[in-house]
Amino acid sequence: MAAVAGLTAVTLLSACSYGSKADDKKSNAADSTSGSAAASGAKLSADTVKIGYFANLTHGTALVGLQEGLFQKELGATQIKTQVFNAGPSEIEALNAGSIDIGWIGPSPAINGYTKSDGKSLKIIGGSASGGVKLVVNPDKISSLDDLKGKKIATPQLGNTQDVALLNYLAGKGYKIDAATGAGDVSVVRTDNKVTPDAYRQGSIDGAWVPEPTASKLVTLGAKVLLNEKDVWPDKKFVITNIIVSQKFLTEHPDVVEAVLRGSVNTNAFIKANPDKAKADANEAIKKEAGNALEPAVLDPAWADVDFLDDPLAGTLQAEADHAVTAGLLKKPNLNGIYDLTLLNKVLAAEGQGPVADAGLGGK
């Protein structure tokens, strides 16, 4: 652990989208203007809002809302431009560069972006999804959680959200792991989600702690679910996707941000009321962006395991940061001020819903 104790939050990454065509080295972006609905009505304070997300089921709010035109409906004549990313660091870079204004992103890169900029780059303005992460294993090699010693378990990237979760879980079970190398009582093998299924087929890993749909893809290859990450969290809820915004854009265009949040709240309501249509929308969006739709054997269980919600579950963000500190991947961060839920709570109040809390992290 001492070898990595000096690492900063820059190591914290997010899970890559499964099967994406985008190339991280070329900014992970497929830039396009949303055509899901014709812009109409009064234009807001910005001509355009640039939105980033992953072609991944845990970003289903963005996928479905764009596909159904629910964001455009709220934005009126303000146009939407989208960028699709493979990983969180590139999305944070795009936000900092002004290439996007608002993004759907995992907790670790949000923490990274905020702390690396000394609290000046972004705000978390809403929640989007919980769950959708599982430990799946080769049943011929691992039959219980007591069988993990000496086995090779994949995570998407060093220090990403799932990597932190696995390291924290193993530490709680008394296993000793060098966080930097992944060597120890259990070998933690950092493997891109796109190649994890092939690694499993070849026997180079014995299991993986991964997000959906990669977990369900492994199940179709004969793996079994050994642990759903929901089961290690209070109330079976933990943040997997948040909505972030550039602080500059939030200051200059709060009306646009509020409109996007209304679209998000309306989309999550649509998903709950129309689960089959929403699932089909998400799969169609993935097909457009990644080139391939998910087969039902992967799509159905993966979609069912993701909970879409407006609450950012702020308390679990602090817990995830604490887990990264325990693992030696992060110096203790100051997250005070990372949230600004003012506009979200305004939108929720207009819908007759109660406010969501920032766990004391809305201080600045």
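The structure under discussion appears in the preceding block.
What you see is a predicted model; the values in this text were computed from it and never measured.

Visitor: When you look at the sheet that holds strand β10 (residues 224–228) in this model, what are you seeing that I'm missing?
Guide: Hydrogen bonds between backbone groups are what pair the strands of a sheet, and the pairing can be parallel or antiparallel. Spatial ordering of the open sheet is given by β8-β7-β9-β6-β10, a layout of five strands whose pairing is mixed. The outermost strands of the open sheet, each flanked by one partner alone, are β8 (187–190) and β10. Across this sheet, the average inter-strand angle for adjacent strands is 30°, counted without regard to direction.

Visitor: I keep staring at the pairing of strand β2 (residues 48–54) and nothing clicks. Help me out?
Guide: By the criterion of burial, β2 is predominantly enclosed, with five of the seven residues buried. Pairing between β2 and strand β3 (residues 79–85): seven bridges, direction parallel. If you follow Gly 52 over to β3, its bridge partner there is Gln 83. Sheet analysis places β2 next to strand β4 (residues 102–105), joined by two bridges and oriented parallel. Paired with Ile 51 across the strands is Ile 102, a residue of β4.

Visitor: Looking at this structure, I do not really get the packing of helix α9 (residues 254–273) against helix α13 (residues 342–350). What am I missing?
Guide: How two helices pack is summed up by the angle between their axes together with the distance between the axes. Closest axis-to-axis distance for the α9/α13 pair is 9 Å, and the angle between their directions is 55°. As judged from the angle between their axes, α9 and α13 are oblique. The hand of the α9/α13 crossing is right-handed. Across the interface between the two elements, Pro 254, Val 257, Glu 258, Leu 261, Arg 262 and Val 265 of α9 pack against Leu 343, Leu 344, Lys 346, Val 347 and Leu 348 of α13.

Visitor: What am I meant to see in the side chain of His 253 here?
Guide: By secondary structure assignment, the location of His 253 is in the loop between α8 (247–252) and α9. Discounting chain neighbours no more than four positions away, the residues touching His 253 are Ser 45 and Ala 46.

Visitor: Could you clarify how one ought to interpret helix α12 (residues 314–327) in this entry?
Guide: Residues lying three or four places apart along an α-helix face the same way, a consequence of the helix completing one turn every 3.6 residues. Taking 1.5 Å as the rise per residue, α12 with 14 residues should run 20 Å; its terminal C-alpha atoms sit 20 Å apart, in good agreement. All buried positions along α12 are accounted for by Ala 314, Thr 316, Leu 317, Glu 320, Ala 321, Ala 324 and Ala 327. Buried residues along α12 cover an arc of 160° about the axis, so they all sit on one side. Contact partners of the buried residues in α12: α4 (107–116), β5 (122–131), α5 (161–172) and β11 (239–246). In the stretch just after α12, Gly 328 is the one whose phi turns positive, near 85°.

Visitor: How do you make sense of the packing of aromatic side chains when you look at a structure like this?
Guide: Two aromatic rings, taken as a pair, are described by how far apart their centres are and by the angle between their planes. By the definition in use, this model includes four aromatic pairs. When the centroid spacing of 5.6 Å and the interplanar angle of 15° are considered together, the rings of Trp 233 and Phe 238 count as stacked. In this structure Trp 233 comes out as buried when scored by relative accessible area, which is 11%. Note on Phe 238: relative accessible area 1%, which makes it buried. Between the aromatic rings of Trp 303 and Phe 308, the centroid separation amounts to 4.9 Å while the plane-to-plane angle is 40°, which identifies the pairing as tilted.

The rules we used
Residues numbered from 1 in each chain as written. Predicted model: local features only at pLDDT ≥ 70, side-chain atom pairs only at ≥ 80, totals over all residues. Heavy atoms only, no water. Pairing = 2+ DSSP bridges. Helix = DSSP H or I, 4+ residues; strand = E, 2+ residues; numbered from the N terminus. Axes fitted to C-alpha atoms, helices over the stretch in contact; angles between N-to-C directions. Buried < 20%, exposed > 50% of the residue type's maximum accessible area, 1.4 Å probe, protein only. Parallel < 35°, antiparallel > 145°, perpendicular 65-115°, else oblique. Left-handed = near helix turned anticlockwise from the far one by under 90°. Contact = heavy atoms within 4.5 Å. Expected span 1.5 Å × (residues − 1). Arc of directions from axis to C-beta. Phe/Tyr/Trp six-rings, centres within 6.5 Å; stacked < 30°, edge-to-face > 60°.

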